[in-house]
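Topology and contacts: notes
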Amino acid sequence: MPSPLFADRPAQQPEPGAVDALISQTRRLRGELAAVRRDAVVNDDDPQQRWQRALCDLAVHQLDDLGAHLGQLRAGAPEEVAVEPAPDPVVDTALPTDPGTAYGAAAPQRTGSLLARVGSAEWNLLTDEVSWSEELYQIFGRTRESGPMSLDEMPTMVFAEDQSVLQSMVTDCLIDGKPIDGEFRIVRTDGCVRTVHMTGEPVLDADGCTASMWAVLRDVSELRRSERAVRESRDTLERSRHIEQTERRVAVELQEAVLPPWRGSLSFAHGGPAPLDVAAHYLPAASTGLIGGDWYDALALPDGDALLTVGDLTGHGVAATSSMAMLLGALRGMAVAGIRPAALMGHLNQLLETSVQPALGSAMCCRYDPVAQTLTWAQAGHPAPLLFRDGTGHALRRPEGVLLGATTGAVYDEAETRLRPGDLIVLHTDGLTRGSGADDDTGTRRLLALGHRLSGARDAQDGVRAVVEEFGEEQRADDACVMVVRVGN
């Protein structure tokens, strides 16, 4: 049906070649978009991927509607002539094609072809004649025998909340000559709720008075569902990001409250001929914004010994840092109480095993006697200390010990190493030297290759600086801690 502003002036038709070019562009875009959807990784647990897929579904619906409108424009068929719609590009049916599936809803029943979702009508005010296109009967769910609906009858199918919208649009058009452009919801005779977008204009007679009103009504239910899916998935993504940012902030604050606030080297075990110079550093992971459960600590004990420890709990975020805080607090308390490293590891294993937040952890606990100049240590699935002496380094032989939280009643062995003035010990978590596989010791060999630099370090902080320069810029998958201990004269 033409849409003239005046009854005796037909609308200007576009050139067929221009419309064909637009149709070709629309089909090409539709095909490229289908390829993007087909190759996309589907993960309903990822808010960002759900939002991206919802946007893609919305774009599909908009391109489908655009292609249908251009097809009608090219055909220029009268309302009673059926127009064959252009075939849709082939889409991978393994992917959901309805926006509702982007956020877990069942796909609604589609309302037929694209052209069936666009209908036209004209209401003649002089003769009370009403003309509906066949598509409009399908949109409203009415049979042809029921006949078209007058402007007075249409509100009976409109949602009560939307009746004022329809009445205002019709009144403004008939009385003030304003164009129609708005949406309302209808309840079809089969109980199905649809959203209809209505555009139209008054048709004026020779005297400038309204003779009739024409309108094009489009079923935009699926399009609005797509838009709602985009909004909801975007809101979910924003909430997820906000939660992640909040969790990271809390985890950082908790970690900073628990780990020693060192700014340089600290001295321990002054009661003997070989005190310790200790420095440590935390290296965050590059692949995640969350903080892990890595820790380091050094503590002067009541009997003059020094506690040295590093460890790592599985997981990231508040759960990992809170478990780390619990474990490190228990470790400090038991060390002050005089519990030796092997027995201490057994207690930590029991504590982690019975925790309300089950986790696995690796740990290293060392006790240094400054008088005997001995390092007694136990480990739980942790990399061995590296001893650097006279410019060369090697890993100490590890005593037996399984991961914390892995086995009930685990027993841990101890090892003892005598240290000399000038020796340098490096303790670290496995995130620092972890390779591509279980047998990949490239990181450890790189750390041992720093022997000459570490032996020539002025103090422990200078040694930490050498390690960070070697490993700090890497795109590591996990966070890490490193502690450098230098035996003084």
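Presented here is a report on the structure given in the accompanying data block. (Residues numbered from 1 in each chain as written. Predicted model: local features only at pLDDT ≥ 70, side-chain atom pairs only at ≥ 80, totals over all residues. Heavy atoms only, no water.)

With that out of the way, let us pick up the packing of helix 6 (residues 318-336) against helix 7 (residues 341-353). Where helix 6 contacts helix 7, the axes come no closer than 10 Å and their chain directions differ by 150°. Regarding the angle of helix 6 to helix 7, the classification is roughly antiparallel. Crossing of helix 6 against helix 7: the hand is right-handed. For the pair helix 6 and helix 7, contact is made by M326, L327, A330, L331, M334 and A335 and by L344, H347, L348, L351 and L352, respectively. Here the contact of helix 6 with helix 7 is composed, by residue class, of 10 nonpolar, 1 polar and no charged. (Axes fitted to C-alpha atoms, helices over the stretch in contact; angles between N-to-C directions. Helix = DSSP H or I, 4+ residues; strand = E, 2+ residues; numbered from the N terminus. Parallel < 35°, antiparallel > 145°, perpendicular 65-115°, else oblique. Left-handed = near helix turned anticlockwise from the far one by under 90°. Contact = heavy atoms within 4.5 Å. Nonpolar A, V, L, I, M, F, W, Y, C, P; charged D, E, K, R; others polar.)

Across a sheet, paired strands are connected by hydrogen bonds in the backbone, their directions being either parallel or antiparallel. Across the sheet, 6 strands lie side by side as 6-7-16-15-12-13; this open sheet has antiparallel pairing. In this open sheet, the two strands that pair with only one neighbour each are strand 6 (266-268) and strand 13 (392-395). Mean inter-strand twist for the sheet, computed between neighbouring axes without regard to direction, equals 25°. Looking at chain direction, strand 6 and strand 7 (residues 276-283) are connected through 3 bridges and run antiparallel. Bridging from a neighbouring strand, F268 pairs with L276 of strand 7. (Pairing = 2+ DSSP bridges.)

Let's shift gears to the packing of helix 5 (residues 221-258) against helix 6. The description of two helices packed together rests on the angle between their axes and the distance between the axes. Where helix 5 meets helix 6, the axes come as close as 9 Å, and the angle between the chain directions of the two elements is 15°. As judged from the angle between their axes, helix 5 and helix 6 are roughly parallel. The handedness of the crossing between helix 5 and helix 6 is left-handed. Contacts between helix 5 and helix 6 involve E247, V250, A251, L254, Q255 and V258 from the former and V318, T321, S322, M324, A325, L328 and R332 from the latter. Residue classes in the contact of helix 5 with helix 6 are distributed as 8 nonpolar, 3 polar and 2 charged.

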